[in-house]
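# Examination of the molecular architecture
Now for the letters of each chain:
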Amino acid sequence: MAERGAWKHRSLGRNIGPPLLLFAGLSAAVFTLAKLRLAEPAAPSAAVGGQIVLGDAYRGETIFLQTCATCHGPNATGGAGPRLRDARIPLTLVRDRIENGKGIMPPNLVSGQQEADVLAYVATLLESKNAG
Ligand code: HEC
């Protein structure tokens, strides 16, 4: 106890303490920022054809079942909407239908991250996935 008190009153400790704390704080902030930036590439996104952002296909399947399966079927084999499984359509068309709709298909049923996730899932269904 007596020793800790003595340390506290050393003038060196008083003078170096605040800048040291500031440095520690800044280092922590920089480290946190660096960690955030490092996490970016691991985020579920990838560009295909230079423009299309793919999200998480697993989440996309859930969204598909909730939002698209009514018309395209739970297995994407078609219904009121055309079959998407093994369909020979480019992913750019899928995105266009999602964003603009067509016929009875309403536009913007999904957007943002959900759209990216659905696109990733539909990409796993398309015949064109083998064609590159
Ligand atoms: C209300 C019913 C309905 C819902 C819900 C719906 N669609 Fe559709 N979709 C259609 C119909 C009908 C067409 C055909 C439009 C046309 O070409 O006239 C279509 C066309 C498409 C096409 C183009 C297929 C092709 O071969 O031309 C894609 C891709 C598609 N839909 C994806 C989706 C996705 C993904 C969702 C969910 C986000 C979705 N649709 C939700 C009815 C629906």
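As a reminder, the structure under discussion sits directly above these lines.
Residues numbered from 1 in each chain as written. Predicted model: local features only at pLDDT ≥ 70, side-chain atom pairs only at ≥ 80, totals over all residues. Heavy atoms only, no water.

Protein coordination at the iron atom of the ligand comes from H72 (NE2) and M105 (SD), with a distance range of 2.0 to 2.1 Å. Geometry at the iron atom of the ligand is octahedral, judged from its six donor atoms and the angles of 86 to 178° they form at the metal. Highlighted residues: H72 in helix α4 (residues 69-72) and M105 in the loop between α5 (91-100) and α6 (112-125), separated in sequence by 33 residues. (Donors = N, O, S within 2.8 Å, 3.2 Å for Na, K, Ca; no water. Tetrahedral: all angles 85-135°; square planar, octahedral: opposite > 155°, others 65-115°. Helix = DSSP H or I, 4+ residues; strand = E, 2+ residues; numbered from the N terminus.)

As a further point, take the site of the ligand. Neighbouring the ligand are 20 residues, the closest being C68, C71, H72, P82 and M105. A distance of 2.7 Å separates a nitrogen atom of the ligand from a polar side-chain atom of H72. Of all the secondary structure elements, the ones that give two or more residues to the shell around the ligand are α4 and α5. Grouping the amino acids of the shell around the ligand by side-chain chemistry returns 15 nonpolar, three polar and two charged. (Near = heavy atom within 4 Å. Polar contact = N/O pair within 3.5 Å; in protein donor to acceptor, adjacent residues only side chain to side chain. Nonpolar A, V, L, I, M, F, W, Y, C, P; charged D, E, K, R; others polar.)

The exposure class assigned to H72 is buried, which follows from its relative accessible area of 10%. In this structure H72 touches F64, T77, G78, G79, G81, P82, L84 and M105, once residues within four positions along its chain are discounted. (Buried < 20%, exposed > 50% of the residue type's maximum accessible area, 1.4 Å probe, protein only. Contact = heavy atoms within 4.5 Å.)

Formed by 21 residues in total, the largest nonpolar core has its most connected members in F64, L91, V94 and L119. By residue number, the principal contributor to this core is α6, which donates seven residues. (Core = buried A, V, L, I, M, F, W, Y, C linked by side-chain atoms within 4.5 Å.)

In the contact formed by helix α3 (residues 57-67) and α6, the axes pass within 7 Å of each other and the chain directions differ by 95°. With respect to their mutual orientation, α3 and α6 come out roughly perpendicular. Together, A57, R59, G60, E61, I63 and F64 of α3 and Q113, Q114, D117, V118, A120, Y121, V122 and T124 of α6 make up the contact between the two elements. When the residues that make up the contact of α3 with α6 are grouped by side-chain class, the tally is seven nonpolar, four polar and three charged. (Axes fitted to C-alpha atoms, helices over the stretch in contact; angles between N-to-C directions. Parallel < 35°, antiparallel > 145°, perpendicular 65-115°, else oblique.)

Overall, the coordinates contain four salt bridges when judged by the stated rule. The salt bridge involving R59 is made with D117; its shortest N-O contact spans 3.0 Å. Taken together, the residues span a long stretch of sequence, with R59 in helix α3 and D117 in helix α6 at a distance of 58 residues. What makes D117 buried here is its relative accessible area of 2%. One salt bridge connects E127 with R88, and the closest N-O pair in it is separated by 3.9 Å. A residue pair is termed long-range when its members are at least 10 positions apart, and E127 in the segment after α6 and R88 in the loop between α4 and α5 qualify at 39 residues. (Salt bridge = Lys/Arg side-chain N within 4 Å of Asp/Glu carboxyl O.)

All right, on to α5 then. Inspection of α5 places L91, V94 and I98 among the buried residues, and these make up the whole buried set. Taken around the axis of α5, the buried residues stretch over an arc of 55°, which confines them to a single face. Of the surrounding secondary structure, the elements contacted by the buried residues of α5 are β2 (52-54) and α6. (Arc of directions from axis to C-beta.)

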